[in-house]
Amino acid sequence: MIKSYALRQGRFTDAQKKAYSFLAEQYLIPFSDQKIDIQREFKKNDINNFSVTMEIGFGSGAATAEIAQVNPDNLYIGIEVHRPGIGRLLWEIEKRSLSNIRIIEYDAVSVAQQMIPNGSLDAVHIFFPDPWPKKKHRKRRLVQRPFTQVLCGCLKKGGYLYMVTDWEDYANHALEELGACEGLKNLYDGFALPQSWRPKTKFEEKGIKKGHGIWELFFVRN
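The structure displayed is predicted, hence computed values, not measured ones.

S.K.: I'm lost on the packing of aromatic side chains in this one. Help?
M.R.: Within a pair of aromatic rings, the relevant descriptors are the distance that separates the centres and the angle that separates the planes. What the rule picks out here adds up to five aromatic pairs. For the pair Tyr 160 and Phe 218, a centre-to-centre distance of 4.7 Å together with 20° between the ring planes defines the contact as stacked. In this pair, Tyr 160 is assigned in strand 5 (residues 155-165) and Phe 218 in strand 7 (residues 215-221), connecting sequence segments 58 residues apart. Taking 5.4 Å as the distance between ring centres and 65° as the angle between the ring planes, the aromatic pair formed by Tyr 162 and Trp 197 counts as edge-to-face.

S.K.: Help me out: how do you make sense of unusual backbone geometry in this one?
M.R.: Backbone phi values are negative for most residues with the exception of glycine, while trans is the configuration of most peptide bonds. A cis amide bond links Arg 145 with the next residue in sequence, Pro 146, at an omega value of 10°. In this fold, Pro 146 is placed in the loop between strand 4 (121-127) and helix 6 (147-154). Its identity is not glycine, yet Ser 97 carries a phi of approximately 55°, on the positive side. Looking at the element boundaries, Ser 97 is found in the loop between helix 4 (83-96) and strand 3 (101-104). Of note, the phi angle at Phe 128 is positive, near 55°, even though the residue is not glycine. If you trace the backbone, Phe 128 turns up in the loop between strand 4 and helix 6. A residue is classified by how much of its surface remains accessible, and Phe 128, at 12% relative accessible area, is buried.

S.K.: What's the story with the sheet that holds strand 4 in this structure? I'm lost.
M.R.: Strands belonging to one sheet form pairs held by backbone hydrogen bonds; the direction of such a pair is parallel or antiparallel. Taking strand neighbours across the sheet as the criterion, the seven strands line up as 3-2-1-4-5-7-6 in an open arrangement whose pairing is mixed. The sheet terminates laterally at strand 3 and strand 6 (184-186), the two strands that pair on one side only. Each neighbouring strand pair of the sheet contributes to a mean axis angle of 20°, computed without reference to strand direction. As defined by bridge partners, strand 4 adjoins strand 5 across six bridges and the pair is classed as parallel. Counterpart to Ala 123 in the pairing with strand 5 is Tyr 160. The sheet contacts of helix 3 (residues 62-70) involve strand 1 (52-56), strand 2 (75-79), strand 3 and strand 4, and relative to strand 3 the element is tilted by about 150°.

S.K.: Would you explain the pattern of salt bridges in this entry?
M.R.: Opposite charge on two side chains makes pairing possible when the charged atoms of those side chains draw close. Summed over the entire model, instances satisfying the criterion amount to nine salt bridges. Of the charged contacts in the structure, one is a salt bridge between Glu 92 and Arg 88, with a shortest N-O distance of 2.9 Å. With Glu 92 and Arg 88 both in helix 4, this residue pair falls four residues apart, about one helical turn. The class for Glu 92 is buried, based on a relative accessible area of 2%. Judged by its relative accessible area of 23%, Arg 88 falls in the partly exposed class. Salt bridges here are not isolated pairs; linked through shared partners, they connect Arg 88, Glu 92 and Arg 96.

S.K.: What am I meant to see in a positive patch on the surface here?
M.R.: A cluster of like positive charges, contributed by Lys 202, Lys 206, Lys 209 and Lys 210, occupies part of the molecular surface. By the secondary structure assignment, Lys 210 is in the loop between helix 8 (202-209) and strand 7. The class for Lys 210 is exposed, based on a relative accessible area of 67%.

S.K.: So what exactly am I meant to see when it comes to the side chain of Glu 80 here?
M.R.: As for its placement among the helices and strands, Glu 80 is situated in the loop between strand 2 and helix 4. The exposure class assigned to Glu 80 is buried, which follows from its relative accessible area of 6%. At 3.2 Å, the side chain of Glu 80 and the backbone nitrogen of His 82 are in polar contact. Excluding its chain neighbours within four sequence positions, the residues that come into contact with Glu 80 are Gly 57, Phe 58, Gly 59, Ile 86, Ile 104, Glu 105 and Tyr 106.

S.K.: Quick question: what am I supposed to make of the pairing of strand 3 here?
M.R.: Side-chain positions along a regular strand alternate between the two faces of the sheet. Going residue by residue along strand 3, you find Ile 101 and Ile 103 tucked away on one face and Arg 102 and Ile 104 tucked away on the opposite face as well. Looking at chain direction, strand 2 and strand 3 are connected through four bridges and run parallel. For Ile 77, the partnering residue across the bridge sits in strand 3 and is Arg 102. Viewed along the sheet, the connection from strand 2 through helix 4 into strand 3 turns out right-handed.

What counts, and where the lines are drawn
- Residues numbered from 1 in each chain as written.
- Predicted model: local features only at pLDDT ≥ 70, side-chain atom pairs only at ≥ 80, totals over all residues.
- Heavy atoms only, no water.
- Phe/Tyr/Trp six-rings, centres within 6.5 Å; stacked < 30°, edge-to-face > 60°.
- Helix = DSSP H or I, 4+ residues; strand = E, 2+ residues; numbered from the N terminus.
- Buried < 20%, exposed > 50% of the residue type's maximum accessible area, 1.4 Å probe, protein only.
- Pairing = 2+ DSSP bridges.
- Axes fitted to C-alpha atoms, helices over the stretch in contact; angles between N-to-C directions.
- Contact = heavy atoms within 4.5 Å.
- Salt bridge = Lys/Arg side-chain N within 4 Å of Asp/Glu carboxyl O.
- Patch = residues over 30% accessible without salt bridge, like charges linked within 9 Å, V, L, I, M, F, W, Y side chains within 5 Å.
- Areas by Shrake-Rupley, 256 points an atom, 1.4 Å probe, with all protein chains shown as cover.
- Lys, Arg positive; Asp, Glu negative; His and termini not counted.
- Charge placed at Lys NZ, Arg CZ, Asp CG, Glu CD.
- Polar contact = N/O pair within 3.5 Å; in protein donor to acceptor, adjacent residues only side chain to side chain.
- Right-handed = clockwise from strand over helix to strand, strands pointing away.

Right, here's the structure in full:
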């Protein structure tokens, strides 16, 4: 299977290691080749009363934690393969006393295909995925068919897929791929307007300082 990510050697701080060691068992969902029961994972009695968002590649998790804190009645499943980022999000969870986040430490493609029940998500967030800028590496890009069709199947009717990137080429590519995905409809005429509720990430702020543009895509399952 072609992977849409490359494991990077990031610094795993003592605070991140401590958070991972003490909190992983409580907040991480082990990878499984069977569909999970989201209600059971969050210990909710009636999952129909809660909105469920899956975020793919949350990085340091600061923006994820902020969104979850502002929306305590919504549930968030974060997918990430980089352990320092997972440790940082676990630290944020403890610091902010959050109970509405769970994490899966595994490849997002396998998670979506094997673990997420069809029609179970209200939203999918993909913020600044690896752009794989070289032409020979574009096959590794996350937001393209057939994976976009898998994500569409995970969404409820009326659920949305929201992607943000600072690479114009990737933005155009994703716009074409999502536009060709059966069951998804662009909520805008082309790229989306900035969503005011999304916090800026440190990665995004660095890109803006370098003069990068920001492109947003917002598609709804019809």
